[in-house]
Amino acid sequence: MWLCLATAPNGLCADVPAPAVIAGGRRIDYLRSIASEKDVNPTRSFWNKLVDFVAGAPKYRHLVRPYAITTDSHGRIIVTDPGAQMVHIFDFAQKKYHHLEGGRHRRFESPIGVATDADDNIYVTDSLRGHIFVFDRDLHFRRFLGERGGEGIFKRPTGIVVDSAQRRIYLSDTLRHRIFILDLEGNVLGSFGERGSAPGQLNFPTDLAWRDGELLVLDAMNFRVQGFDPSGRLQRVFGQLGNSTGSLSRPKGLAVDSEGDIYTAEALLEAVQIFDGDGHFLYYFGNTGTGPGEFQLPAGVWIDPHDRIFVADALNRRVQVFQFVRARGRGMP
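The structure displayed is predicted, hence computed values, not measured ones.

**Here's the deal with the nonpolar core**
Formed by 16 residues in total, the largest nonpolar core has its most connected members in Ile-28, Tyr-263, Val-272, Phe-285, Ile-309 and Phe-322. Among the elements of the structure, β2 (27-34), β24 (262-266), β25 (271-275), β26 (281-285), β27 (298-303), β28 (308-313) and β29 (318-325) are those that each provide at least two residues to this core. Other than its neighbours up to four places away in sequence, Val-272 contacts Tyr-263, Thr-264, Ala-265, Tyr-283, Tyr-284, Phe-285, Phe-295 and Val-311.

**Digging into the side chain of Asp-81**
When you line up the elements, Asp-81 lands in strand β4 (residues 77-81). For Asp-81, which is buried and forms no salt bridge, the nearest opposite charge comes from Arg-65, at a distance of 6.1 Å. A polar contact is formed between the side chain of Asp-81 and the backbone nitrogen of Val-64, at a distance of 2.8 Å. Leaving out residues up to four positions away in the same chain, Asp-81 has contacts with His-62, Leu-63, Val-64, Arg-65, Pro-66, Met-86, His-88 and Pro-111.

**Re the sheet that holds strand β16 (residues 168-173)**
Taking strand neighbours across the sheet as the criterion, the 4 strands line up as β15-β16-β17-β18 in an open arrangement whose pairing is antiparallel. Pairing within the sheet leaves two strands with one partner each, and these edge strands are β15 (157-163) and β18 (188-192). Pairwise comparison of adjacent strand axes, ignoring direction, gives a mean angle of 20° for this sheet. In this sheet, β16 lies alongside β15 in antiparallel orientation, the contact comprising 5 bridges. Across the sheet, Asp-163 pairs through a bridge with Arg-168, a residue of β16.

**Here we look at the pairing of β4**
In terms of residue burial, β4 counts as a mostly covered element, since 5 of its 5 residues are buried. Across the two faces of β4 the burial is the same, with Ile-77, Val-79 and Asp-81 and Ile-78 and Thr-80 all buried. Sheet analysis places strand β3 (residues 69-71) next to β4, joined by 3 bridges and oriented antiparallel. By the bridge assignment for β4, Ile-69 is matched with Val-79. What sits between the antiparallel neighbours β3 and β4 is a turn of 5 residues, in which Gly-75 has the positive phi angle 80°. A loop of 4 residues connects β4 with strand β5 (residues 86-91), the two strands running antiparallel in sequence, and Gln-85 in this loop sits at a positive phi of about 55°.

What counts and how
Residues numbered from 1 in each chain as written. Predicted model: local features only at pLDDT ≥ 70, side-chain atom pairs only at ≥ 80, totals over all residues. Heavy atoms only, no water. Core = buried A, V, L, I, M, F, W, Y, C linked by side-chain atoms within 4.5 Å. Buried < 20%, exposed > 50% of the residue type's maximum accessible area, 1.4 Å probe, protein only. Helix = DSSP H or I, 4+ residues; strand = E, 2+ residues; numbered from the N terminus. Contact = heavy atoms within 4.5 Å. Lys, Arg positive; Asp, Glu negative; His and termini not counted. Salt bridge = Lys/Arg side-chain N within 4 Å of Asp/Glu carboxyl O. Polar contact = N/O pair within 3.5 Å; in protein donor to acceptor, adjacent residues only side chain to side chain. Pairing = 2+ DSSP bridges. Axes fitted to C-alpha atoms, helices over the stretch in contact; angles between N-to-C directions.

Geometry only, nothing functional implied.
Structure, rendered in structure tokens:
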């Protein structure tokens, strides 16, 4: 879908794709890719280069299999990486990189979902350990949520979102086919869902997203998205199995932009598909490949308050960043 617009002097297309122009004056621009800690500060001073010459070049940490993404109020980009068994934090404003490996003598085994609250605390689900790691804004480990006797109480926690206003955490337990509601201290307040294919039932739910007070659930093996109110009452269902655009086959991440449109990463098509709030297919971007704007096994999708779209491009070992530019005067319905 991406088109080469700019042309290099030698007649070859430049490696930056042209914007994907969408109906109504909207468009999606490719911004950049992030693959390692070197990306936050790619230039090295003369003295650093001198040290490198004497002591050897530094070893940068790289993304191995990025899965989910979020950002905090300072614009830090937080990426779970089950391949590296760590969480990466890219701080481009401060030109700093940090990483998390776990907490309280317990390392990550499979960090999958990630979310932040209004105080920039970071919540990370570990699908193998069965609980949630919590870190404060300074990246200090604070506590585990969802454990009893040192063991996680969830079978396979994956997607997570935080409702800071209501001080609630919503968590998908994929192997239980249920959504759990917790307070910020980890007490289970309720749950909903059961395995099945009827509306309101779930079959391996994975990612979660908020849309104007509605909890969206990626109901992966039912190949659909379901929307629930905060108490778990069904509001909407859309999506169907297929192998062409507009259908779902291997849906991964889920996100919502400022117009209320819903994004799903589709691993079969290796693209990101966009639906309106009623579930009508609008358009997609991306295709198979390793270049800018191309994907290999896209996983998590996150859209920040500035409509920057982050896509975990898992097999290309990078996160790609796009900018959604909406038409003037349009906003969340």
